[in-house]
Amino acid sequence: MTIETKSLWKAHGGMQGVYTHLSEACACPMTFAVYVPPHAEGRKLPVLWYLSGLTCTHANVMEKGEYRKAAAELGVIIVCPDTSPRGAGVADVPDDWKLGCGAGFYVDATQEPWSAHYKMYTYVTAELPAVIAANFPMADLGRQGIFGHSMGGHGALVAALRNPGRYASCSAFAPIVQPMTADWSRPALAAYLGPEEAEWRNWDAVALIADGARLPALLVDQGRADSFLETGLRPWLLEEACRKAMIPLTFRIHDGYDHSYYFISSFMADHVAWHVARLAG
């Protein structure tokens, strides 16, 4: 549970930190960012997890996501993990941005060589929360929400659907809603999980909902000018799954917005406020 502080900056009255630790789940050092808003001594604060997309690290949302003002005003801790294991000995495909480092897809890999390190689901849902609990005494892990972008939106949906009651809130920016059938995620699932597609259903939001998993509510924002909309994201599949399962879904599609952090930062404050309203208890 020991962490090393790499950097600290004061922002909006709180502290933005970057930390590293040796992960047992991923069998390598991992880096993560934590923003702690200004708060009275002894006050417990809810925790909001943000999962980033393909090619990203903890730094993308920390530098471009513009979450700190809303987090400071509303009193919520925001934790931003990395998207994959990294470093010497970690399997990678340097010329494929959709597989390997930066593309962990928040699954627990079962196939070699990936299974030695790529345990991002366990890392995000079990190990890192324990690290936060041990090192940030103001964090109230009884009040957690989770959200993310693209691959991270997929990860947030899967984490919430597979752990009913753990996360009081879940939302996503332009999530990959059915990675089993999306062009840019099928090869990664095959590599990490093997050829049996029945095993992939545990890592697919639309399939999990079809198989009985539920959420109390869901917020999704999507840019209509997103170049990945038709082949990679396909939010209408999630809309239909939620309709059949009677999951309350607020789906907003925005003209002119693409897949970038210009889009994410435009609606970040909305998402933070949506989560805090559900974490207030």
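Our subject is the structure that appears above.
Described in the following lines is the structure provided in the data block.

## Things to note about the side chain of Asp108
Link 1 in the chain: Structurally, Asp108 can be placed in the loop between β5 (77–81) and α3 (120–135).
Link 2 in the chain: One buried charged side chain, Asp108, makes no salt bridge at all; its nearest oppositely charged neighbour is Lys119, positioned 5.8 Å away.
Link 3 in the chain: At 3.3 Å, the side chain of Asp108 and the backbone nitrogen of Tyr121 are in polar contact.
Link 4 in the chain: At 2.5 Å, the side chain of Asp108 forms a polar contact with the side chain of Thr122.
Link 5 in the chain: Those residues in contact with Asp108 that lie beyond four places of it in its chain are Tyr118, Lys119, Met120, Tyr121, Thr122, Leu193 and Trp203.

## Observations concerning the pairing of strand β3 (residues 28–36)
Link 1 in the chain: Burial within β3 is extensive, with seven of its nine residues counted as buried.
Link 2 in the chain: Remark: four residues form the turn of the hairpin made by strand β2 (residues 14–23) and β3, two consecutive strands paired antiparallel; Ala27 in that turn has positive phi of roughly 55°.
Link 3 in the chain: Taken together, the four bridges between β3 and β5 define a ladder with antiparallel strand orientation. By the bridge assignment for β5, Phe32 is matched with Pro81.

## What to know about the pairing of strand β7 (residues 167–173)
Link 1 in the chain: Buried residues dominate β7, accounting for six of its seven residues.
Link 2 in the chain: Here strand β6 (residues 139–149) pairs with β7 via six bridges, running parallel. Across the sheet, Gln144 pairs through a bridge with Tyr167, a residue of β7.
Link 3 in the chain: Tracing the backbone out of β6, into helix α4 (residues 151–162) and back to the parallel element β7 gives a crossover that is right-handed.

Cut-offs and rules
Residues numbered from 1 in each chain as written. Predicted model: local features only at pLDDT ≥ 70, side-chain atom pairs only at ≥ 80, totals over all residues. Heavy atoms only, no water. Helix = DSSP H or I, 4+ residues; strand = E, 2+ residues; numbered from the N terminus. Buried < 20%, exposed > 50% of the residue type's maximum accessible area, 1.4 Å probe, protein only. Lys, Arg positive; Asp, Glu negative; His and termini not counted. Salt bridge = Lys/Arg side-chain N within 4 Å of Asp/Glu carboxyl O. Polar contact = N/O pair within 3.5 Å; in protein donor to acceptor, adjacent residues only side chain to side chain. Contact = heavy atoms within 4.5 Å. Pairing = 2+ DSSP bridges. Right-handed = clockwise from strand over helix to strand, strands pointing away.

Without other data, these values stay purely geometric and don't point to any function.
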